[in-house]
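Reading the structure
Read off the chains here:
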Amino acid sequence: MRIQGKSVKVFKIKNRRGFAAVCENHLTEGSTSSQACARMAKALRRKRKRTV
């Protein structure tokens, strides 16, 4: 999956309930894969805002 042109890996967390998304040293968690991706998009927006 790609968000803002960056590759995002989404996977099921073992021994826990939910999914995780990893991209550019960011890790987000959510109860569904789409929620984890939405949280990742928000984290990437925050990073871009902070570095500009």
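Details of the structure are given in the entry above.
None of the values given here were measured: they were computed from a predicted structure.

1. Considerations on the nonpolar core
Counting 9 residues, the largest nonpolar core consists of Ile3, Val8, Ala21, Cys23, Ala36, Cys37, Met40, Ala41 and Leu44. Only β4 (19–23) and α1 (33–51) provide two or more residues apiece to this core. In terms of residues, this core owes the most to one element, α1, which gives 5 residues. If we ignore the near neighbours within four places in the chain, the residues touching valine 8 are Met1, Ile3, Ala21, Val22, Cys23 and Met40.

2. Overview of the sheet that holds strand β3 (residues 9–12)
Whenever strands of a sheet pair, they do so through backbone hydrogen bonds, lying parallel or antiparallel. Strand order in this open sheet of 3 strands is β3-β4-β5, and the pairing throughout is antiparallel. One side of each edge strand has no neighbouring strand; the edge strands of this open sheet are β3 and β5 (26–30). Going from strand to strand, the sheet's axes swing by 20° on average, the running direction of each strand aside. Where β3 lies against β4, 4 bridges are found, and the strand directions are antiparallel. Bridged to lysine 12 within β4 is phenylalanine 19.

3. Brief notes about the environment of cysteine 37
Looking at where cysteine 37 falls in the secondary structure, it is placed in helix α1. The spacing of cysteine 37 and phenylalanine 19 is 18 residues in sequence and 9.3 Å in space, taken between C-alpha atoms. Other than its neighbours up to four places away in sequence, cysteine 37 contacts Met1, Ile3 and Val10.

4. Some details on a positive patch on the surface
A surface patch of positive charge is lined by Arg39, Lys42, Arg45 and Arg46. Residue placement: arginine 45 occurs in helix α1. Overall, the relative accessible area of 46% leaves arginine 45 in the partly exposed class.

5. Here we look at unusual backbone geometry
Glycine aside, residues mostly have negative phi, and peptide bonds are mostly found in the trans state. Of note, the phi angle at glutamate 24 is positive, near 50°, even though the residue is not glycine. Judged by relative accessible area, glutamate 24 falls into the partly exposed class, the value being 39%. Its identity as a non-glycine residue notwithstanding, asparagine 25 has a phi of 60°, on the positive side. Of note, asparagine 25 is situated in the loop between β4 and β5.

Cut-offs and rules
Residues numbered from 1 in each chain as written. Predicted model: local features only at pLDDT ≥ 70, side-chain atom pairs only at ≥ 80, totals over all residues. Heavy atoms only, no water. Core = buried A, V, L, I, M, F, W, Y, C linked by side-chain atoms within 4.5 Å. Buried < 20%, exposed > 50% of the residue type's maximum accessible area, 1.4 Å probe, protein only. Helix = DSSP H or I, 4+ residues; strand = E, 2+ residues; numbered from the N terminus. Contact = heavy atoms within 4.5 Å. Pairing = 2+ DSSP bridges. Axes fitted to C-alpha atoms, helices over the stretch in contact; angles between N-to-C directions. Patch = residues over 30% accessible without salt bridge, like charges linked within 9 Å, V, L, I, M, F, W, Y side chains within 5 Å. Areas by Shrake-Rupley, 256 points an atom, 1.4 Å probe, with all protein chains shown as cover. Salt bridge = Lys/Arg side-chain N within 4 Å of Asp/Glu carboxyl O. Lys, Arg positive; Asp, Glu negative; His and termini not counted. Charge placed at Lys NZ, Arg CZ, Asp CG, Glu CD.

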